[in-house]
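The lines below spell out each chain.
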Amino acid sequence: VNEVALEAVAVANHAGLEIDPDERLESIQATLLRAGPGKASMLQDIEAGRRTEIDVITGAVVREADRLGIEAPLNRALYALVDGLERGLGLR
């Protein structure tokens, strides 16, 4: 999770947004601790036969990385995996 987030922060910073990586990681870890044993929203979507928000979240990172000509391999891999799952389930 941390490496995926840091990659997204790097893309955002290259795009001109000022995001502090340490603050982001602390915020994400705090959110995960509060979430407890619940299911992630994307998993709930898949289980309910709905498309996820992968295009809006991770897809945006991948598209911006492409636009800027920088690498985002972890976000790209996650996007491809969820996209492939959705396609395999007939959700796309």
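Residues numbered from 1 in each chain as written. Predicted model: local features only at pLDDT ≥ 70, side-chain atom pairs only at ≥ 80, totals over all residues. Heavy atoms only, no water.

1. Here we look at the overall build of the protein
And then number 1: A count of helices and strands for the protein gives 5 helices and 0 strands.
And then number 2: Start at the N end of the protein and walk to the C end: the helices and strands fall as α-α-α-α-α.
And then number 3: Here the C-alpha coordinates of the protein stretch approximately 35 × 35 × 15 Å along the principal axes.
And then number 4: Counting only residues that meet the buried cut, the protein has 23% of its 92 residues in that class.
And then number 5: Surface accessibility of the protein: about 6100 Å² in total, with carbon and sulfur atoms responsible for 59%.
And then number 6: In the protein, which carries 10 positive and 16 negative side-chain charges, the distance between the mean positions of the two groups comes to 8 Å. (Helix = DSSP H or I, 4+ residues; strand = E, 2+ residues; numbered from the N terminus. Buried < 20%, exposed > 50% of the residue type's maximum accessible area, 1.4 Å probe, protein only. Areas by Shrake-Rupley, 256 points an atom, 1.4 Å probe, with all protein chains shown as cover. Lys, Arg positive; Asp, Glu negative; His and termini not counted. Charge placed at Lys NZ, Arg CZ, Asp CG, Glu CD.)

2. Some words on the pattern of salt bridges
And then number 1: This model, assessed by the stated rule, comprises 11 salt bridges.
And then number 2: Note that R24 and E23 form a salt bridge whose closest N and O atoms lie 3.0 Å from each other.
And then number 3: Residue classification places R24 among the partly exposed positions, given a relative accessible area of 30%.
And then number 4: Residue class for E23 comes out partly exposed when judged on its relative accessible area of 38%.
And then number 5: The partner of R92 in a salt bridge is D55, with the nearest N and O atoms 3.1 Å apart. Here R92 is found in the segment after helix 5 (73–88), whereas its partner D55 is found in the loop between helix 3 (41–47) and helix 4 (58–68), with 37 residues between them in sequence.
And then number 6: It is possible to trace a salt-bridge network through shared partners that takes in R51, D55, D83, E86, R87 and R92. (Salt bridge = Lys/Arg side-chain N within 4 Å of Asp/Glu carboxyl O.)

3. Thoughts on the environment of I54
And then number 1: Topologically, I54 is positioned in the loop between helix 3 and helix 4.
And then number 2: Each C-alpha atom of the pair I54 and G69 lies 21 Å from the other, and the pair is 15 residues apart in sequence.
And then number 3: Apart from the residues lying within four places of it in its own chain, the contact partners of I54 are M42, G59, L78, Y79, V82, E86 and R92. (Contact = heavy atoms within 4.5 Å.)

4. Here's the deal with the packing of helix 1 (residues 2–14) against helix 5
And then number 1: Running from N to C, helix 1 and helix 5 cross one another at 110°; their axes reach a closest spacing of 8 Å. Our classification of the angle between helix 1 and helix 5 gives roughly perpendicular. Judged by residue contacts, E3, V4, E7 and A8 of helix 1 engage P73, L74, N75 and L78 from helix 5.
And then number 2: Of the residues that constitute the contact of helix 1 with helix 5, the class distribution is 5 nonpolar, 1 polar and 2 charged. (Axes fitted to C-alpha atoms, helices over the stretch in contact; angles between N-to-C directions. Parallel < 35°, antiparallel > 145°, perpendicular 65-115°, else oblique. Nonpolar A, V, L, I, M, F, W, Y, C, P; charged D, E, K, R; others polar.)

5. Some words on the packing of helix 1 against helix 4
And then number 1: Following both chains from N to C, one finds helix 1 and helix 4 inclined at 45°, their axes separated by 10 Å at the closest point. Relative to helix 4, helix 1 is oriented oblique. The crossing of helix 1 and helix 4 is left-handed. Side by side, helix 1 and helix 4 meet where A8, V11 and H14 of the first sit next to V61, E64, A65 and L68 of the second. (Left-handed = near helix turned anticlockwise from the far one by under 90°.)

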